[in-house]
Amino acid sequence: MKKVKLGIIGIGGMGSGHAKNIVAGKVSELELTAVADLRDSRRIWAKENLPQEVHIFDDAESLISSGCCEAVLIATPHYEHPRITILALENGLHVLCEKPAGVYTKQVREMNEAAAASNKTFAIMFNQRTNCVYRKMKEIVDSGKMGQIKRVNWIITNWYRTQAYYDSGSWRATWDGEGGGVLLNQCPHNLDLLQWICGLPVKVRAFCHNGKWHDIEVEDDVTAYLEFENGATGVFVTSTADAPGKNRFEILLEKGCLLCEDEKLTCYELDVNEREHCFSAKEGFATPSGHEAEIETDGQNPQHMGVMRAFAAHILHGEPLVAAGEEGIRGLMLSNAMHLSSWTESTVQIPFDEERFLEQLNERRASSRIKKNVVEATFDTEGTYGSKIRE
């Protein structure tokens, strides 16, 4: 069997997990041939835990120029994603990039342009798109059988994090190190799914509370109001301090409601389109009748493995990707719009002024705190590759 020779750049929590899965043969058409990390501790881990034939490099540039890979998986902190992606594409390598696509859309747009000019496979790790529940929601919405979307509500507050989590890395929860808080770290998947299933909003008014529940400089509590092109509205609520937290995603359509709560999908379908009922009913309080509809899914939820298998299959056989890398800009556009709305205390239209966003971000980066005497640790799946500036 032909395999794609893969290098992983950034072998912190997420990158090392990918490395172990590939070495274990869970993605049959990928072969791990190299890893890179700026941190000595991560390279020592690689030497002790990965096969001897896997080459170990101390930076992305060395791995990319080594010639021992056909593709790279980038699992570094967010600011580095576009830069390393562009470098890899320009050196003729296929790229699978971890979420988010980057920190600001201007840089990600440059990355997408490089991908378009490269003729190489470019994918992004939106593994939640493999979840049968979200795939079914998209299938139903796209089919049009339940009419147009009228309202969207997503309460996603089961991202609980302690102060110890935020204190675990010098780059974590800082404007200069991470570029944002819950929107950029925990919620890229949710923002991607929201735009993937419902479409990208055209207006956003958001309230991002920085360090409301933790000693951090970025947002840990967000409430945003959304408007869509067809007049539908939405609310997006997230936090890293709610206990117990909830994950409730509701899409109200003209012919009923889809509800995904704790990844269980239910559907209530009206017997007639509500818009028709509204203007044809003779009684003022006549609520349209309906019934709970049974929803069947294929039960499949391959997550990261599914994304990596599709990445390899696209390179080798031209099969579809789970998510093309160019699509990463859409969820980030929504995240950036929420930040900009909160910073400027105004409603932001999408697309927005990318230069204005970058100016606002850079102001915050300039006054970003430098954490000292931090004991680096990994509490979940974010990478610990670091950067030369922070080192």
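Anything mentioned here points back to the structure above.
Below is a short write-up of the structure.

Conventions we followed
- Here the residue numbers are simple positions, counted from 1 along each chain's written sequence.
- At least 70 in pLDDT is required for a residue's local features to be given in this predicted model, at least 80 for side-chain atom pairs to be given and counted, and no such filter applies to totals for whole chains, interfaces and linings, which use all residues.
- Hydrogens and water are ignored here; the side-chain numbers use all heavy atoms of the structure.
- Only buried residues count toward a nonpolar core, which is a set of Ala, Val, Leu, Ile, Met, Phe, Trp, Tyr and Cys residues joined through side-chain atoms within 4.5 Å.
- Think of it in three bands: residues with accessible area under 20% of the maximum for their type are buried, residues over 50% are exposed, and the middle band is partly exposed, with areas taken using a 1.4 Å probe on protein chains only.
- In this text, helices come from DSSP runs of H or I with a minimum length of four residues, and strands from runs of E with a minimum of two, each type numbered from the N-terminal end.
- Contact definition: two residues touch when any of their heavy atoms are within 4.5 Å.
- Two aromatic rings from Phe, Tyr or Trp, using only the six-membered ring of Trp, form a pair when their centres are within 6.5 Å; if the ring planes differ by under 30 degrees the pair is stacked, by over 60 it is edge-to-face, and anything between is tilted.
- Either the NZ atom of lysine or the CZ atom of arginine qualifies as a charge over a ring when it sits within 6 Å of the ring centre and within 35 degrees of the ring normal.
- Helix span is expected to be 1.5 Å times the residue number reduced by one.
- By the criterion applied in these results, polar contacts are pairs of N or O atoms within 3.5 Å in which, for protein atoms, one can donate a hydrogen and the other can accept it, and in which residues neighboring in sequence qualify only through two side-chain atoms.

What follows is about the nonpolar core. By size, the foremost hydrophobic cluster in this structure holds 90 residues, and its most contacted members are Met137, Phe236, Phe249, Ile251 and Met338. The element that contributes the greatest number of residues to this core is helix 12 (residues 328-344), accounting for eight residues. Beyond its immediate sequence surroundings of up to four residues, Phe236 is in contact with Trp154, Ile156, Leu183, Cys187, Asn190, Leu191, Leu194, Val222, Thr223, Ala224 and Met338.

Enumeration over the complete set of coordinates arrives at seven aromatic pairs. Pairing Trp154 with Phe249 gives two aromatic rings, centres 4.0 Å apart and planes at 5°, and the pair type is stacked. Note that Trp154 is positioned in strand 7 (residues 149-156) and Phe249 in strand 11 (residues 247-253), a separation of 95 residues in sequence. Owing to a relative accessible area of 0%, Phe249 belongs among the buried residues under this scheme. The interplanar angle of 75° and the centroid separation of 5.0 Å between the aromatic rings of Tyr165 and Tyr166 together place this pair among those described as edge-to-face. Judged by its relative accessible area of 4%, Tyr166 falls in the buried class. Feature note: the residues Tyr134, Trp154, Phe236 and Phe249 constitute an aromatic cluster, connected by ring pairs. The cationic tip of Arg364 hangs over the ring face of Trp343; the distance from NZ or CZ to the ring centre is 4.2 Å.

End to end, helix 6 (residues 132-143) covers 16 Å across 12 residues, agreeing with the expected 16 Å (1.5 Å per residue, within 8%). Considered for burial, the residues of helix 6 that qualify are Cys132, Val133, Tyr134, Lys136, Met137, Lys138, Ile140 and Val141. For helix 6, the elements touching its buried residues are strand 7, helix 9 (188-198), strand 11, strand 12 (256-261) and strand 13 (264-270). In this structure Asn131 caps helix 6, since a side-chain oxygen of it lies 2.9 Å from the backbone nitrogen of Val133. Of the residues flanking the end of helix 6, it is Gly144, one or two places downstream, whose phi is positive at about 80°.

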